[in-house]
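Given next are the chains, with one letter for each unit.
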Amino acid sequence: YDFNIKGELRHLDTNESFVFHYYKNACERNQKRYEVLGHLITQYVYELLERVCMLQKVYIPTDATEDEPRSFFFMSENALTSSSSLIVLLQDRGVFRAGQWGQRTIVSEGLEHGTQIPFIKTALQSHGGVIVLNPNDNFVDLKTEKEKLSSSTREESLTSAQSVSWIPKRGSSSPEEHTMYVWDHFISKSTAKNVAFIAHGYGGLVFVDLLLQRKWEVMNKVYAVAFIDSKHNIQHQARSDPHVQEWIQQSCREWVSNTKPLDKAVGSVMKVNCPTVSAGTEKYGLAPSCCLHAIFKYLKSTLKAK
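A brief report on the enclosed structure follows. Within every chain, residues take consecutive numbers counted from 1 along the sequence as written. Residue-level local features of this predicted model are given only where pLDDT is at least 70; pairs of side-chain atoms are given and counted only at 80 or more, and the full residue set underlies all totals for whole chains, interfaces and linings. In computing side-chain properties, one takes all heavy atoms of the structure into account and sets aside hydrogens as well as water.

### Examining the overall build of the protein
Thinking step 1. Helix and strand counts for the protein stand at 13 helices and 12 strands.
Thinking step 2. At 20 Å, the protein has a C-alpha radius of gyration in line with the 19 Å of a compact globule built from 306 residues.
Thinking step 3. The principal-axis extents of the C-alpha atoms in the protein amount to approximately 60 × 45 × 35 Å.
Thinking step 4. Only protein chains enter the area calculation, which uses a 1.4 Å probe; residues under 20% of their type maximum are buried, those over 50% are exposed, and those in between are partly exposed. In the protein, which comprises 306 residues, the proportion classed as buried is 51%.
Thinking step 5. Relative to all contacts within the protein whose residues are 6 or more apart in sequence, the contacts with residues 24 or more apart total 69%.
Thinking step 6. Per-residue and other accessible areas were derived by the Shrake-Rupley procedure at a 1.4 Å probe size, with only the shown protein chains allowed to occlude residues. Carbon and sulfur atoms make up 52% of the accessible area of the protein, which totals about 15,600 Å². Here a helix means four or more residues in a row that DSSP labels H or I, a strand means two or more in a row labelled E, and each is numbered from the N terminus. All radius of gyration figures rest on C-alpha atoms, and the globule criterion is 2.2 Å times the number of residues raised to 0.38. Contacts were defined at the residue level, with two residues in contact if any of their heavy atoms lie within 4.5 Å.

Here's what the structure looks like:
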């Protein structure tokens, strides 16, 4: 398989899309095959972030020892020093890593819909700086590390698979911790006066967690948040903090997958929340790419008003 000129994943010989049920009656083998593809897509998207978007890979924690497992995120060259605004991308929770909105969407719909690259390019053109968080890169799996190192010991590592050790990455052992680490050591220290977050799915919950942990800092520095099908729950997370609730109503907007046309208001009875509008699609996986232009229009007008 490879990505064609349109960024769609196609079989090189048959030109067909990825076949998930490749082996008959063999769920595990099909799953394993899909996981291998997912790993390759992750590496490929990382490469695109550096080669096409010209982002830099920043390893964390910054004080890691030589043999300590590290995580990383990506940012544009002058993200912390250019005085203009900064956009931070915060993805959903899942097996996918930095630069992806969703792995299945990449496989079925292509790079244009499943990756954050169109968002990164638009942000760089209109806003100056970009930071792409990597909230799902939380552990080192010793078993796969061993497999990578040598195929001759494959037998051993398979027999000892029962005793898999996962080592958490300091400062990134959860999406919440990763986001807070990058905020404390990078975003909060940047010269950008105007920071905006675009948060998808579980990323919305992670942002609200950051808001509660670093309340005044975040409220002073972040001028707008675009939530996409966010998993946050203000009543549950913010309890009854009136400052936070008011700030969210004034500084955030949420796009939700819905049958209504793009940007049409969607009533939400449950949440004490921000204004909610339709993402212009019913498909969760397509929501980010469908509301890209609406989101940047919102960020631009909010910044102007500010």
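### Considering the nonpolar core
Thinking step 1. The definition of a nonpolar core used throughout is a set of buried Ala, Val, Leu, Ile, Met, Phe, Trp, Tyr and Cys residues joined through side-chain atoms within 4.5 Å. Ile 198, Trp 255, Ile 295 and Leu 299 are the most contacted members of the largest nonpolar core, which has 44 residues in total.
Thinking step 2. By size, the runner-up hydrophobic cluster in this structure holds 39 residues, among which are Ile 131, Trp 183, Leu 205 and Leu 210.

### A word on a nonpolar patch on the surface
Thinking step 1. A cluster of nonpolar side chains, contributed by Tyr 1, Val 19 and Tyr 22, occupies part of the molecular surface with about 260 Å² of accessible area.
Thinking step 2. Mapped onto the fold, Tyr 22 is located in the loop between strand E2 (9–10) and helix H1 (27–51). Like-charged residues are merged into a patch within 9 Å and nonpolar side chains (Val, Leu, Ile, Met, Phe, Trp, Tyr) within 5 Å, provided each residue has over 30% relative accessible area and no salt bridge. Whenever Lys or Arg places a side-chain nitrogen within 4 Å of a carboxyl oxygen from Asp or Glu, that contact is recorded as a salt bridge.

### Brief notes about the sheet that holds strand E5 (residues 86–90)
Thinking step 1. Strand order in this open sheet of eight strands is E3-E4-E6-E5-E9-E10-E11-E12, and the pairing throughout is mixed. Strand pairing shows two members of the sheet lacking a second neighbour, strand E3 (56–60) and strand E12 (276–278), which therefore form its edges. Averaged over neighbouring strand pairs, the angle between their axes works out to 20° when direction is ignored.
Thinking step 2. Pairing between two strands is assigned when DSSP locates at least 2 bridges connecting them. Two elements, strand E4 (residues 71–75) and strand E6 (residues 129–132), share two bridges in a ladder whose sense is antiparallel. By the bridge assignment for E6, Met 75 is matched with Ile 131.
Thinking step 3. Helix H8 (residues 202–213) contacts E5, strand E9 (195–200) and strand E10 (222–228) of the sheet and is inclined by roughly 140° relative to E9.
Thinking step 4. All axes are obtained by fitting lines to C-alpha atoms, using only the stretch in contact for helices, and the reported angles, taken between N-to-C directions, cover 0 to 180 degrees. Helix-sheet contacts for helix H11 (residues 242–251) involve E10 and strand E11 (252–256), and the interaxial angle to E11 is about 65°.

### Concerning the packing of aromatic side chains
Thinking step 1. Stacked, tilted and edge-to-face are the three classes assigned to paired rings of Phe, Tyr and Trp, where Trp is represented by its six-membered ring and a pair needs centres within 6.5 Å; plane angles under 30 degrees give stacked, over 60 edge-to-face, the rest tilted. Scanning the model with the defined rule gives 18 aromatic pairs in all.
Thinking step 2. Summarising the aromatic geometry, the rings of Phe 119 and Phe 296 are spaced 5.9 Å apart at their centres and angled 50° between planes, so their arrangement reads as tilted. Here Phe 119, found in helix H4 (residues 117–127), pairs with Phe 296, found in helix H13 (residues 292–305); they are 177 residues apart in sequence, far enough to count as distant. The pair Phe 119 / Phe 296 is uniform in exposure class, with both members buried.
Thinking step 3. Here a set of aromatic residues connected by ring pairs shows up, and it is made of Trp 183, Phe 197, Phe 207, Phe 227 and Trp 247.

### What to know about the side chain of Asp 229
Thinking step 1. On the secondary structure map, Asp 229 appears in the loop between E10 and helix H10 (234–237).
Thinking step 2. A positive count includes Lys and Arg, and a negative count includes Asp and Glu. His and the chain ends are not counted in either. It is Lys 231 that comes nearest to the buried, bridge-free Asp 229 among opposite-charge side chains, at 7.3 Å.
Thinking step 3. Once residues within four sequence positions are removed from consideration, Asp 229 is found in contact with Gly 201, Glu 254, Trp 255, Val 256, Ser 257, Tyr 284 and Ala 287.

### Comments concerning the environment of Pro 288
Thinking step 1. For Pro 288, the position within the fold is in helix H12 (residues 287–290).
Thinking step 2. C-alpha of Pro 288 to C-alpha of Asp 229: the two residues are 59 residues apart in sequence and 8.8 Å apart in space.

### A closer look at unusual backbone geometry
Thinking step 1. Cis rather than trans, the peptide bond between Ile 60 and Pro 61 has omega equal to 0°.
Thinking step 2. Inspection of the secondary structure assignment puts Pro 61 in the loop between E3 and E4.
Thinking step 3. Here Met 54, not a glycine, exhibits a phi torsion of approximately 55°, which is positive.

### Quick look at H8
Thinking step 1. To estimate the expected span of a helix, count its residues, drop one, and scale the result by 1.5 Å. Taking 1.5 Å per residue, 12 residues should reach 16 Å; H8 reaches 17 Å between its end C-alpha atoms and fits that length.
Thinking step 2. In terms of residue burial, H8 counts as a mostly covered element, since 10 of its 12 residues are buried.
Thinking step 3. Of all the residues in H8, the buried ones are Tyr 202, Gly 203, Gly 204, Leu 205, Val 206, Phe 207, Val 208, Asp 209, Leu 210 and Leu 211.

### What about the pattern of salt bridges?
Thinking step 1. For the coordinates displayed, the defined rule picks out eight salt bridges.
Thinking step 2. Arg 51 is the partner of Glu 47 in a salt bridge, and the nearest nitrogen-oxygen pair spans 3.2 Å. With Glu 47 and Arg 51 both in helix H1 and four residues apart, the pair spans about one turn of that helix.
Thinking step 3. Residue Glu 47 is classed as partly exposed on the basis of its relative accessible area of 38%.
Thinking step 4. The salt bridge partner of Asp 137 is Lys 169, with a shortest N-O separation of 3.0 Å. Of the two residues, Asp 137 sits in the loop between E6 and strand E7 (139–141) while Lys 169 sits in the loop between strand E8 (166–168) and helix H7 (175–185), which places them 32 residues apart along the sequence. Pair check on accessibility: Asp 137 and Lys 169 agree, each one buried.
Thinking step 5. Several salt bridges converge on common partners, so that one network encompasses Asp 63, Glu 68 and Arg 170.

Everything listed here is a matter of coordinates, which is why it stays silent on function.
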